[in-house]
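Each chain, written out:
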Amino acid sequence: MIFVGGLPFATRSSSTSQGKNILLALLENPILVSASNSFKAIPERKFSVPEDSTLERSKWVYIFQREYATVDPAVVEFVGTDEATTCVGIVIRSRRNGMTSVAHMDSPKIVEMGISQMLSQLVDGLETEFDVHLIGGFEEVSLQHAKGSTESEAQAEFGDHSFPLCTKIVQTLWAREEKFHIQTICVLGHNTGRDSNGNAYPLFNGFVVQTASGNIIPASFDTSTRCPDEIVRRIRVSASYEDTSWNGKLIETYDSATDQFKIAPCSWTRHQYYAALSLLHYSDSEILSICSTSPTAEGPDFVDNLKRQWNYLIEHPHWTETFLKNQPRVFERTTEGRWRRC
């Protein structure tokens, strides 16, 4: 069930286009439009350990694409993600105890199971009401004529990425029994700008949640704060599409009970090894065109990050070298707030 402003959210919708109509109605809701404008007025916080000595003493959890983490506000101060272009970040926060789950979703195929994974660590039988924030994605074309089209027509006309992903998320929340109070929906048109050449891009690529208050802040991270185990976790994103054990699932990353990162195993194949060898021979512009769903909207380090992943794959072609005995890679937090391999 979806609530807005404390009231059940209702919209006229047919069974064939329910998700699209719910999404469009939410995007036009005055309360949510105001919330989106308020979010966009907040200055972006840039996370960088070397430049911010106080951050070293803060406790945060960073989420990569297709990952999720559930955190306890008594232990973790911030949880966030960035590098989202056509992806969408979703926050589900318990109204009773502040437990917060964040996911970086990249495909409609992982939404249903992914939301169930997030809720599995939030629902304890005492409460089923949650605050929800959706941030990310952008209008690859325009949604101004979407009302007159079916869901499949809208997907074909308005993009194959952000629109169907947002549609699937709100439709899944709508169909569940829990009560989801939508607080922010800064997606699609609310998160779209255009450059001097008319190319669309997302206004915000990331955010953090202040776990104690539940406040959402636009944010960006650098390599020093996208940790731990950055390269391995990046590789898991692409590898998970060929690893059948992760079909339809978000990738497990963080254990809230122990405040440890437990990087669950994910296998990669010889196909990815040979793909890495081949792709390294392309120019940067060709890599963008081949590897990105939104080549004109990627960050300046997108290609460099891919090359670092490919070099790791070439040096470690067998996934068992990385995940010994098919066990997670475990990292504990040091007293200085950094991460150390166990």
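Residues numbered from 1 in each chain as written. Predicted model: local features only at pLDDT ≥ 70, side-chain atom pairs only at ≥ 80, totals over all residues. Heavy atoms only, no water.

The name given to the protein chain in an unreviewed UniProt entry is Protein N-terminal asparagine amidohydrolase, with Stylosanthes scabra as the source organism.

1. What to know about helix 7 (residues 230–239)
Put simply, the test is: Partly exposed residues are those whose accessible area sits between 20% and 50% of the maximum for their type, while under 20% is buried and over 50% is exposed, using a 1.4 Å probe and protein chains only. Secondary structure elements follow DSSP: runs of H or I of four or more residues count as helices, runs of E of two or more count as strands, with numbering from the N terminus.
In terms of residue burial, helix 7 counts as a mostly covered element, since nine of its ten residues are buried. Along helix 7, the residues that are buried comprise Glu230, Ile231, Val232, Arg233, Arg234, Ile235, Arg236, Val237 and Ala239.

2. Regarding the side chain of Ser294
Heads up, the condition is: Side-chain atoms alone can form a polar contact between residues adjacent in sequence; in general such a contact is a pair of N or O atoms within 3.5 Å, and within protein one must be able to donate a hydrogen while the other accepts it.
Mapped onto the secondary structure, Ser294 falls in the loop between helix 9 (284–291) and helix 10 (302–315). Under the relative-accessibility criterion, Ser294 is labelled buried at 4%. Of note is the side chain of Ser294, whose polar atom sits 2.9 Å from the side chain of Thr85.

3. Concerning the side chain of Arg236
What counts, and what does not: Throughout, a contact is declared for two residues whenever any of their heavy atoms are within 4.5 Å.
Checked against the element boundaries, Arg236 lands in helix 7. A polar contact of 2.8 Å, which involves the side chain of Arg236, links it to the backbone oxygen of Ala264. Contacts of Arg236, omitting those with residues within four sequence positions, involve Glu67, Ile251, Glu252, Thr253, Ile263, Ala264, Cys266 and Phe323.

4. Focus: the sheet that holds strand 17 (residues 260–263)
Rules: Strands are treated as partners if at least two bridges between them are detected by DSSP.
The strand order across the open sheet formed by four strands is 16-17-18-19, and the pairing between neighbours is antiparallel. Every interior strand has two partners, whereas the edge strands, strand 16 (254–255) and strand 19 (339–341), have only one. Pairing of strand 16 with strand 17, which is carried by two bridges, proceeds in the antiparallel orientation. Its bridge partner lying in strand 17, Asp255 is registered against Gln260.

5. Description of the packing of aromatic side chains
By convention here, two paired aromatic rings are described through the distance between centres and the angle between planes. What counts is decided by this rule: In this scheme Phe, Tyr and Trp rings, the latter by its six-membered ring, pair at centre separations within 6.5 Å, and the angle between planes marks the pair as stacked below 30 degrees, edge-to-face above 60, and tilted otherwise. Remark: a charge is flagged as sitting over a ring if the NZ atom of Lys or the CZ atom of Arg is within 6 Å of the ring centre and within 35 degrees of the ring normal.
Going through the model one piece at a time under the given rule, you end up with ten aromatic pairs. Relative to Phe64, the ring of Tyr62 has its centre 4.9 Å away and its plane inclined at 80°; by these criteria the two rings are edge-to-face. Taking the relative accessible area as the measure of exposure, Tyr62 reaches 1% and is therefore buried. The rings of Phe47, Tyr62, Phe64, Phe78 and Phe221 are connected pair by pair, giving a single aromatic cluster. Of note, Arg45 hangs over the ring of Phe47, and the distance from its end group to the ring centre comes to 4.7 Å. The ring of Tyr273 has Arg270 lying over it, and the distance from NZ or CZ to the ring centre is 4.6 Å.

6. Let's talk about helix 2 (residues 30–40)
Operational definition: Here the arc refers to the set of directions running from the helix axis out to each C-beta atom.
Among the residues of helix 2, Leu32, Ser36 and Phe39 are the ones counted as buried. Projected down its long axis, helix 2 carries its buried residues within an arc of 60°, all on one side. Packed against the buried residues of helix 2 are strand 1 (2–4), helix 1 (18–28), strand 9 (129–136), strand 10 (179–187), strand 13 (207–210) and strand 14 (215–221). Regarding helix 2, its N-cap is Asn29, as a side-chain oxygen of that residue lies 3.0 Å from the backbone nitrogen of Ile31 further along.

7. So, the nonpolar core
Heads up, the rule is: Take the buried Ala, Val, Leu, Ile, Met, Phe, Trp, Tyr and Cys residues and link them wherever side-chain atoms come within 4.5 Å; each set so joined is a nonpolar core.
One finds Val61, Phe207 and Tyr254 to be the most contacted residues of the largest nonpolar core, which totals 50 residues. Examining the composition of this core, we find that six residues originate from one element, helix 10, more than from any other. What Tyr254 contacts, discounting residues up to four positions off in sequence, is Val61, Ala69, Thr70, Val71, Val75, Val76, Asp259, Gln260, Phe261, Lys262 and Trp339. Ranked by size, the runner-up nonpolar core spans 37 residues in total, among them Ala103, Met118, Leu173 and Phe180.

8. So, the environment of Gln65
Relative to the helices and strands, Gln65 resides in the loop between strand 4 (60–63) and strand 5 (67–71). Between the C-alpha atom of Gln65 and that of Asp82, which follows or precedes it by 17 residues, the distance is 8.4 Å. In this structure the side chain of Gln65 is engaged in a polar contact, spanning 2.9 Å, whose partner is the side chain of Asp106.

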